[in-house]
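# Topology and contacts: notes
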Amino acid sequence: MPATSVMTTEQTTVTRRRPAPEDRRHHVPARSWSPQSPSPAPAIALITTGAHTGCPLVTADELGVPVAGWTYCGPGPDGDGPTFADTVEAFAQADGVGAIAACVDVIGTDLDGRALMRAAESAAGAGRPLVVLATGADRVIDAVLRQAGVIRVEGFDQLLDCAATLARFPRPTQPPGPVRIAADSAGAATLLADLARRAGLETEDAGDAPDIAELAARPGAGMLLYAVTETGSSGEWTAAALVEAARESTTPIGVVWCSSGGTETGYRLILQRSPEIATFRTLTNAVAAAKAYYDHCDHRFRIPSLVEDNAMAGVKARQILTSTGGPGTVRKRDTDPAKGLSESQTHQLLRAYGIRTPREQLVTSAAWAVRAAATIGYPVVMKASVAGLPSASAAGLTRTNITSASQVRENFKDLMDSAGRQGYGTLDGVLIGQQITGGVDTMVGIRRDDRFGPAVVVGVGGAYAEMLGDVAIRVAPFDTHQARRMLDELHCLPLLTNVGSDLEALADTILRVQRMALDLGDVLEGFDIAPLRVLGRGGGTVALDASARLIVR
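On the surface, Leu 57, Val 67, Trp 70 and Tyr 72 cluster together into a nonpolar patch covering about 330 Å² of accessible area. With 3 residues, strand β2 (residues 67-72) is the largest single contributor of residues to the nonpolar patch. Tracing the backbone through its elements, the reader meets Leu 57 in helix α2 (residues 55-63).

As structure tokens, then:
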């Protein structure tokens, strides 16, 4: 049975009956179980700000999570308190810290973005996972934390459960296998497996093994999640078996104690005192912690690829930015090239970075336009090209599906007249371009963030992608893995996958736009390719329309 398929009740239940014969019981000592003196559990470091100071400490005590150190960060009485980034870096180098839990409410204000990125990378490099419960964040900060391997959570208990799990579980030497789901009740096992799959985790059928030690020792799983629903002596026997299995096995074990009380011996005196086991009070927190563990491992084991450095592309791009833009004459309207580029210039910029545009020519007469259309091949698209015009399409200065020389002449005159009526005077010219059919419209753009510098955004829906709110962001520099993760985050991704779109080419275009952002970050305020047409697998991408905004100094 495939690991990701739906598991049946019979397949997920660890068989136990009361009273059960000795050979059918979970593997536990024949004598009454008595806890050994526990070795200290790996501890977490805790960072808090604002009104959150006491809550995480109280919750940590209730959950039995050891805290190696606690620091309040933020402005002190004299405005000179430690920053969040400083505090993270300090704990990343501290002894006795297995993970860092941060509960902050000022992460989006007065932020040194690059310092935050360095701190998150420092924590990851030191093997101290960083788990954050934060308010005041935005899409850019969310993207920065995600690409730096930071785990985001939604509550105090989840913050501490995830941090404690990451502190206790060993760092695997290779990417972990699927999550093995088991329970002492059929319903709990089925629900836990369903929650894990909905969180994007690969799950494994626990099979019909009645023995907990066997479940933990069986190779192939990255971790074992076990839900305990029984209380009293049965719950204590199960808890004891899980603790013993954790001592003997190299497979990390997480246990969900489903009783609402949380005061039972099996939970307080057996499970919570075991330094090897991660213990949870809810199924959702157990799944969140498992997801945090797998996300951390994914970040650790991915092999970063270098951002391609094409020096010639940068040289060509700056030559384009300093050029006058075309063969036209003086404009009447405020279309200063310092505030934007013409359509022709933006397409030259794209080609400098190896981003495909339609076959096209910039022309300044109707006769030239007819010759260009014949060379390119009908049907063609005609666009006005003028610096500072954000979008020829939005200004009504684009004509599509032109199929004859007479239509070319007619539309050339119409575009020139329309531009004049709108106050643009004489254009750089008119772009005669190949009309692209088929494919799915997306957008890729550059946004300048005052805290982090240039960021790259991608979405589905062409020029409407950001309006729809379905976009993914990364702050440069990032690698191929992150470019692909951006696509995975799009809710509208099925619009691309269902028609076999060339996602590899789209990820490559994202990286090329990133290279542009890194090269021209000091002069580009923003840049948009919208729409960027993604063709079928192997067909690549084509930038149909683009606009650039330059920094005005």
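Another point: the nonpolar core. Generally speaking, a soluble globular protein has its nonpolar side chains buried in company with each other. Grouped together as the largest cluster of nonpolar side chains are 67 residues, with contacts concentrated most on Val 131, Met 223, Leu 225, Leu 242, Ile 253 and Ile 277. Among the elements that take part in this core, helix α11 (residues 283-301) stands out by supplying 10 residues, more than any other. When near neighbours in sequence (up to four residues on either side) are disregarded, Val 131 contacts Ile 100, Ala 101, Ala 102, Ile 151, Val 153, Leu 159, Cys 162, Ala 163 and Leu 166. Listed in part, the 41 residues of the second largest apolar core include Leu 349, Ala 352, Phe 527 and Val 534.

A word on the environment of Met 516. Within the secondary structure layout, Met 516 lies in helix α19 (residues 503-519). The exposure class of Met 516 is buried, given its relative accessible area of 0%. Separated by 166 residues in the primary sequence, Met 516 and Leu 350 place their C-alpha atoms 8.8 Å from one another. If sequence neighbours within four positions are ignored, Met 516 has contacts with Leu 349, Leu 350, Tyr 353, Ile 446, Gly 521, Leu 524 and Phe 527.

Summarising burial for strand β18 (residues 524-534): 10 of the 11 residues are buried, a large majority. Sheet topology note: the strand β15 (residues 440-449)/β18 ladder contains 7 bridges and is antiparallel. Bridge assignment links Ile 446 to a residue of β18, and that residue is Phe 527. Both β18 and strand β20 (residues 546-550) contribute to a ladder of 5 bridges, which runs antiparallel. Its bridge partner being in β20, Asp 528 is matched across the sheet by Ser 547. The pairing of β18 with strand β19 (residues 541-543) spans 3 bridges and is antiparallel. By the bridge assignment, Arg 533 is partnered in β19 with Val 542.

Here 5 strands make up an open sheet; going across it, the order is β7-β6-β8-β9-β10 and the pairing parallel. Since the sheet does not close on itself, it has two edges, and those belong to β7 (203-204) and β10 (277-280), each with one partner. Of the strand pairs in this sheet, strand β6 (residues 179-183) and β7 are connected by 2 bridges, and their pairing is parallel. The partner of Val 179 across the bridge, within β7, is Thr 203. Sitting on the sheet, helix α7 (residues 186-198) touches β6, β7 and β8 (223-228), and the angle it makes with β6 is about 155°. Strands β8, β9 (253-257) and β10 of the sheet are contacted by helix α9 (residues 232-248), whose axis makes an angle of about 165° with β9.

All right, on to the packing of helix α17 (residues 480-488) against α19 then. In contact at an axis separation of 9 Å, α17 and α19 are set at 120° when each is read in the N-to-C sense. Comparing the axis directions of α17 and α19 gives the class oblique. Judged by the sense of rotation from one axis to the other, the crossing of α17 with α19 is right-handed. Residues Thr 480, Ala 483, Arg 484, Met 486 and Leu 487 of α17 pack against Leu 503, Glu 504, Leu 506, Ala 507, Ile 510 and Leu 511 of α19.

This next bit is on α7. An ideal rise of 1.5 Å per residue puts 18 Å on 13 residues; α7 measures up with 19 Å between its terminal C-alpha atoms. For α7, the set of buried residues is Ala 188, Ala 189, Leu 192, Ala 193, Leu 195 and Ala 196. The buried residues of α7 occupy one face: seen down the axis, they fall within an arc of 165°. Downstream of α7 by one or two residues, Gly 200 has phi in the positive range, about 90°.

On to the pattern of salt bridges, then. Tallied over the entire structure, the rule returns 20 salt bridges. Where Glu 343 meets Lys 383, a salt bridge forms, and the shortest distance between an N and an O atom there is 3.2 Å. Here Lys 383 lies in strand β12 (residues 380-385) and Glu 343 lies in helix α13 (residues 343-352), a separation of 40 residues in the sequence. By relative accessible area, Glu 343 is classed as buried at 4%. Notably, a salt bridge pairs Asp 545 with Lys 383, separated by 3.8 Å at the nearest N-O pair. Pair noted here: Asp 545 is in the loop between β19 and β20 and Lys 383 is in strand β12, with a separation of 162 residues, a long-range link.

What counts and what doesn't
Residues numbered from 1 in each chain as written. Predicted model: local features only at pLDDT ≥ 70, side-chain atom pairs only at ≥ 80, totals over all residues. Heavy atoms only, no water. Patch = residues over 30% accessible without salt bridge, like charges linked within 9 Å, V, L, I, M, F, W, Y side chains within 5 Å. Areas by Shrake-Rupley, 256 points an atom, 1.4 Å probe, with all protein chains shown as cover. Salt bridge = Lys/Arg side-chain N within 4 Å of Asp/Glu carboxyl O. Helix = DSSP H or I, 4+ residues; strand = E, 2+ residues; numbered from the N terminus. Core = buried A, V, L, I, M, F, W, Y, C linked by side-chain atoms within 4.5 Å. Buried < 20%, exposed > 50% of the residue type's maximum accessible area, 1.4 Å probe, protein only. Contact = heavy atoms within 4.5 Å. Pairing = 2+ DSSP bridges. Axes fitted to C-alpha atoms, helices over the stretch in contact; angles between N-to-C directions. Parallel < 35°, antiparallel > 145°, perpendicular 65-115°, else oblique. Left-handed = near helix turned anticlockwise from the far one by under 90°. Expected span 1.5 Å × (residues − 1). Arc of directions from axis to C-beta.

By themselves, these are just geometric observations and shouldn't be taken as functional.
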